[in-house]
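The chain contents come next:
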Amino acid sequence: MRFAGFTVFVTGGAGFIGSAVIRHLLRDTGARVVNIDKLTYAANLASLPGAAANPNYAFEHQCICEPEALRKLFEKYQPDAVMNLAAESHVDRSIDGPAEFIKTNIVGTFNLLQEALRHWRSLTRERRAQFRFLHISTDEVFGSLGEEGLFTEQTAYAPNSPYSASKASSDHLVRAWRETYELPTIVTNCSNNYGPYHFPEKLIPHMIIRGLAGESLPVYGDGQNIRDWLFVEDHARALTLVLERGVVGETYNVGGRNQRTNLHVVQSICDLLDEIAPGQESSRRRLISFVTDRPGHDRRYAIDASKIERELDWQAEENFETGLAKTVRWYCDNRHWWQAILHRGYQKTRIGTG
Ligand code: NAD
Ligand code: DAU
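Just so you know, these numbers come straight off a predicted model, no measurement behind them.

Looking at this structure, I do not really get the site of ligand 2. What am I missing?
What surrounds ligand 2 is a group of 22 residues, the closest being Thr138, Asp139, Tyr163, Arg294 and His297. In this structure, Asn262 approaches ligand 2 through a side-chain N or O atom, which is 2.8 Å from an oxygen atom. One of the side-chain N or O atoms of Arg294 is found 2.6 Å from an oxygen atom in ligand 2. Starting from 690 Å² of accessible surface for ligand 2 in isolation, the protein chains cover 93%. Class assignment of the residues belonging to the shell around ligand 2 gives a composition of 8 nonpolar, 8 polar and 6 charged.

Spelled out as structure tokens, the structure:
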């Protein structure tokens, strides 16, 4: 069985993508998973149903900005791999409060690299050869595309938001730890994920839960900004393939070849809600309102995923239409999951206007 006898640290495993990775590892592989998470506002252990009872799962409530505590975890569990997904991830929040992004995304990654290096150096030759540090990053490090072209692994970095600048910094640290200290690192840069268990501040779940409540649907600017959508479970499979077969020192772009304008995304959500959860007197498209643009709003992202498709034989299984229908249905069928977030105080209000 894949990863049998392997211990994998997943940082940020209570978040959106980290929880999808853990669900996949526990369901489809023999890996022993240690979820290291600070449990910020974005975390939700309810995104890991059944995990706590699984003998292959352990949870450590831990911030990656605390090196001594991280060191103890490396000593305790002796991991074979680290998948680093712990991060502050929301662009609008980074506009209002960049400090946490600098701390977790840059300093936290630095701490993890240092402690992983110390651990790696203590391993036998055979285990050192197997060890991997997989850093999960974003296509936002490449900046904004014009009308034409795709981000490749060779595209120069040009981050535009405090969030993407912090992620770019962390990617550079990971590269440096490989070049300087020979830590076996790999970086992935992926496009916008969507799917079940997505915190409702992000475009797709935000529009679904506001649409269900008959509230206005705020589209930034002219709605013509383009994102390239990747179903989160396709991403989780891609990450485990990279961990298993990716080449040390390489970077891999991951994307679903699903470029859509934001307006198209929101209109599609309205149409799906009208079909799955009827009850409004007319189409929810009437709820769409155009609001002040996000400062520094990148116009277009689009990933060329041919390297991971060709070299690791990965393919996205969902296209945007099938993935979005599954997602809207999931939010309609799992209201308790996101209503608990509202009860805890999440306000659904606009932030990040600078
Ligand atoms: P998320 O915000 O849903 O989850 C982040 C998780 O990290 C949370 O569980 C949080 O508690 C944890 N965390 C935050 N600070 C921490 C700290 N200091 N120590 C330990 N844990 C901490 O994020 P996500 O959408 O799942 O993103 C995961 C990773 O993927 C991030 O690195 C993000 O930059 C990257 N990424 C996300 C997307 C996307 O569309 N969501 C796309 C590209 C890349
Ligand atoms: O590209 C990968 C990135 O995708 C990840 O690195 C980030 O962690 C992730 O949050 C996401 O960033 P975006 O800024 O693209 O995602 P967000 O969901 O915040 O916004 C998607 C698009 O929708 C963006 O163009 C802004 C717009 N938007 C967003 C919200 C929340 C709206 O028009 N209205 C909204 O209410």
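Help me understand the packing of helix α11 (residues 320-333) against helix α12 (residues 335-343), please; the structure alone is not making it clear to me.
A pair of packed helices is captured by two measures, namely the crossing angle of their axes and the spacing between those axes. Remark: α11 packs on α12, axes separated minimally by 5 Å, with the N-to-C direction vectors making an angle of 70°. For the element pair α11 / α12, the angle class is roughly perpendicular. Contacts between α11 and α12 involve Trp330, Tyr331, Cys332 and Asp333 from the former and Arg335, Trp337 and Trp338 from the latter. Here the residues of the contact of α11 with α12 are counted per class, giving 5 nonpolar, no polar and 2 charged.

Which parts of the structure should I look at to understand the sheet that holds strand β1 (residues 7-11)?
Working definition: the strands of a sheet are paired by backbone hydrogen bonds and lie parallel or antiparallel to each other. Read from one edge to the other, the open sheet built from 7 strands follows the order β3-β2-β1-β4-β5-β6-β10, with strand pairing classed as parallel. The open sheet is flanked by β3 (57-61) and β10 (251-254), the only strands paired with a single partner. When the angles between neighbouring strand axes are averaged without regard to direction, this sheet yields 20°. Where β1 meets strand β4 (residues 81-84), 4 bridges bridge the pair, whose relative direction is parallel. If you follow Val10 over to β4, its bridge partner there is Met83. Helix α1 (residues 16-28) rests against β1, β2 (32-37), β3 and β4 of the sheet, and its axis sits at about 160° to β1. Lying over the sheet, helix α4 (residues 99-121) contacts β1, β4, β5 (132-138) and β6 (185-190), oriented at roughly 165° with respect to β5.

Can you help me understand α1 in this one?
Given 3.6 residues to a turn, an α-helix orients residues that are three or four positions apart in the same direction. Given a rise of 1.5 Å per residue, 13 residues ought to cover 18 Å, and the 18 Å separating the end C-alpha atoms of α1 matches this to within 8%. Buried residues dominate α1, accounting for 11 of its 13 residues. Restricting attention to buried positions, one finds in α1 the residues Phe16, Ile17, Gly18, Ser19, Ala20, Val21, Ile22, Arg23, His24, Leu25 and Leu26. Of the surrounding secondary structure, the elements contacted by the buried residues of α1 are β1, β2, β3, β4, β7 (192-194) and α8 (232-245).

Explain the side chain of Arg284 here, please?
Along the chain, Arg284 falls in the loop between α9 (262-276) and β12 (288-291). Only 3.1 Å separates the side chain of Arg284 from the side chain of Asp274, close enough to count as a polar contact. When sequence neighbours within four positions are dropped, the list of residues in contact with Arg284 reads Gly211, Leu212, Leu217, Cys270, Leu273, Asp274 and Ala277.

Looking at this structure, I do not really get the pattern of salt bridges. What am I missing?
Think of it this way: side chains of opposite charge can pair up when their charged atoms draw near. If you walk through the whole model with that rule in mind, you get 24 salt bridges. Between Lys103 and Glu100 there is a salt bridge, with the nearest N and O atoms lying 2.9 Å from each other. Of the two residues, Lys103 and Glu100 are both situated in helix α4; the distance of 3 residues between them amounts to about one turn of the helix. Take Lys103: its relative accessible area is 42%, and that puts it in the partly exposed class.

Rules and cut-offs
- Residues numbered from 1 in each chain as written.
- Chains lettered and ligands numbered in written order.
- Predicted model: local features only at pLDDT ≥ 70, side-chain atom pairs only at ≥ 80, totals over all residues.
- Heavy atoms only, no water.
- Near = heavy atom within 4 Å.
- Polar contact = N/O pair within 3.5 Å; in protein donor to acceptor, adjacent residues only side chain to side chain.
- Areas by Shrake-Rupley, 256 points an atom, 1.4 Å probe, with all protein chains shown as cover.
- Nonpolar A, V, L, I, M, F, W, Y, C, P; charged D, E, K, R; others polar.
- Axes fitted to C-alpha atoms, helices over the stretch in contact; angles between N-to-C directions.
- Helix = DSSP H or I, 4+ residues; strand = E, 2+ residues; numbered from the N terminus.
- Parallel < 35°, antiparallel > 145°, perpendicular 65-115°, else oblique.
- Contact = heavy atoms within 4.5 Å.
- Pairing = 2+ DSSP bridges.
- Expected span 1.5 Å × (residues − 1).
- Buried < 20%, exposed > 50% of the residue type's maximum accessible area, 1.4 Å probe, protein only.
- Salt bridge = Lys/Arg side-chain N within 4 Å of Asp/Glu carboxyl O.

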